Amino acid sequence: MSKRQTPPISSRKQPQQSRSADLVATILEAALQVLQREGAQKFTTARVAERAGVSIGSVYQYFPNKAAILFRLQSDEWRQTGGMLRDILQDAQQAPLQRLRTLVHAFIRSECEEAEMRNALTDIAPLYNDDPEAHEAWQYWDATVQVFIAELLPAASAATRSILEELISTTLGSAGEHVSAHGYPADRVDAYADAMADMFCAYLSSLEARSF
């Protein structure tokens, strides 16, 4: 039995001129609109081309299939969210625990906003989980959390910091997926984020009080 080929998720080529970059931007904006308005089930390359007002051949110049379009949307979202979360944790005008509380709310809201995209990416998740861009995004997030924990608990052992970093990352990820999957109203989402931030802050306060 021949091995089933997996669809490529990388863009065919990168735009080299401003006109080409504008075309890619138009395609991606159209793709996002199709996903948001019509849902994952109706997301096709043909619908994206129609929405963008371009030929399907123009789309295929840059994206070999709908999986590649979706992955590009996800990659752009990773970069945008990663930068936002980094800025929150590095905001020296806020106390560290307030930064963490702000981070929790921002992350949960972001997960809710990208729920439809995550549903659309379900079938190709094994592909993008192994993609270098995905690993780069996760490593970027890990490094951001590590710097924050080192600032917050400079006297803590490496083992304690490692546990805390993993706890924050895994809890945020699981909670964000849960909340976004259930489609909670905004007030419940905020209450959920408040409760999780309270738990994090209480645990961190207890660690600060310990003698390392």
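Shown above is the structure to which this text applies.
Residues numbered from 1 in each chain as written. Predicted model: local features only at pLDDT ≥ 70, side-chain atom pairs only at ≥ 80, totals over all residues. Heavy atoms only, no water.

Caption draft 1: Region of the structure containing the overall build of the protein chain. A count of helices and strands for the protein chain gives 10 helices and zero strands. The proportion of buried residues among the 212 residues of the protein chain is 41%. Carbon together with sulfur atoms contributes 50% to the accessible area of the protein chain, which is approximately 12100 Å² in total. (Helix = DSSP H or I, 4+ residues; strand = E, 2+ residues; numbered from the N terminus. Buried < 20%, exposed > 50% of the residue type's maximum accessible area, 1.4 Å probe, protein only. Areas by Shrake-Rupley, 256 points an atom, 1.4 Å probe, with all protein chains shown as cover.)

Caption draft 2: Molecular detail of the environment of F63. As for its placement among the helices and strands, F63 is situated in the loop between helix 3 (56–62) and helix 4 (66–89). Residue classification places F63 among the buried residues on the basis of a relative accessible area of 1%. Each C-alpha atom, one on F63 and one on I27, is 9.7 Å from the other, the two residues being 36 residues apart in sequence.

Caption draft 3: Broad picture of the nonpolar core. Core analysis: the largest hydrophobic core is formed by 28 residues, its most contacted members being L103, V104, I108 and L172. Here the element with the most residues in this core is helix 10 (residues 186–209); it accounts for seven residues. With sequence-adjacent residues up to four places away left out, V104 is seen in contact with L172, A193, M196, A197 and F200. Membership of the second largest hydrophobic core comes to 23 residues, among which are A31, V34, A40 and L73. (Core = buried A, V, L, I, M, F, W, Y, C linked by side-chain atoms within 4.5 Å. Contact = heavy atoms within 4.5 Å.)

Caption draft 4: Broad picture of the pattern of salt bridges. What the rule picks out here adds up to eight salt bridges. Residues R47 and E50 are paired through a salt bridge, measuring 2.9 Å at the closest nitrogen-oxygen approach. Taken as a pair, R47 and E50 lie in helix 2 (residues 45–52) at a separation of three residues, close to a single helical turn. The class of R47 is partly exposed, set by a relative accessible area of 22%. Given the relative accessible area of 58%, E50 is considered exposed. Here R72 makes a salt bridge to D76, at a shortest N to O gap of 3.2 Å. (Salt bridge = Lys/Arg side-chain N within 4 Å of Asp/Glu carboxyl O.)

Caption draft 5: A look at the packing of aromatic side chains. Applying the stated rule across the entire model yields two aromatic pairs. On the numbers, 5.9 Å between centres and 80° between planes, the contact of F71 with W78 is edge-to-face. Of the two residues examined, F71 and W78, each falls in the buried class. Positioned above the aromatic ring of Y184 is the side chain of R188, whose terminal nitrogen or guanidinium carbon lies 4.4 Å from the ring centre. (Phe/Tyr/Trp six-rings, centres within 6.5 Å; stacked < 30°, edge-to-face > 60°. Lys NZ or Arg CZ within 6 Å of the ring centre and 35° of its normal.)

Caption draft 6: Seen up close, the packing of helix 4 against helix 8 (residues 132–152). Put simply, helix 4 and helix 8 touch, their axes get as near as 10 Å, and they point 10° apart. On the basis of the axis angle, helix 4 is roughly parallel to helix 8. Where helix 4 abuts helix 8, its residues F71, S75, W78, R79, G82, G83, L85, R86 and L89 lie against E133, A134, A137, Y140, W141, T144, F148 and E151. Of the residues in the contact of helix 4 with helix 8, the class split is nine nonpolar, four polar and four charged. (Axes fitted to C-alpha atoms, helices over the stretch in contact; angles between N-to-C directions. Parallel < 35°, antiparallel > 145°, perpendicular 65-115°, else oblique. Nonpolar A, V, L, I, M, F, W, Y, C, P; charged D, E, K, R; others polar.)

Caption draft 7: Just helix 4, in detail. With 24 residues, helix 4 should cover 34 Å at 1.5 Å per step; its first-to-last C-alpha distance of 35 Å lies within 8% of that length. Sitting at the amino-terminal end of helix 4 is N65, which places a side-chain oxygen 3.2 Å from the backbone nitrogen of A67. (Expected span 1.5 Å × (residues − 1). Polar contact = N/O pair within 3.5 Å; in protein donor to acceptor, adjacent residues only side chain to side chain.)

Caption draft 8: Focus on helix 5 (residues 96–113). For helix 5, built from 18 residues, the straight-helix expectation of 26 Å at 1.5 Å per residue is met to within 8% by its first-to-last C-alpha distance of 26 Å. Among the residues making up helix 5, those that are buried are R99, L100, L103, V104, H105, A106, F107, I108, S110 and E111. Check the buried side of helix 5 and you find it contacts helix 4, helix 6 (115–120), helix 8, helix 9 (158–182) and helix 10.

Caption draft 9: Examining the packing of helix 9 against helix 10 more closely. One way to put it is that helix 9 packs onto helix 10 with a least axis distance of 12 Å and a crossing angle of 170°. When the axes of helix 9 and helix 10 are compared, the pair comes out roughly antiparallel. In contact with T160, L164, L167, I168, T171, L172, A175, H178 and V179 of helix 9, helix 10 contributes V189, Y192, M196, F200, Y203, L204 and L207. A class-by-class count of the residues in the contact of helix 9 with helix 10 yields 13 nonpolar, three polar and no charged.

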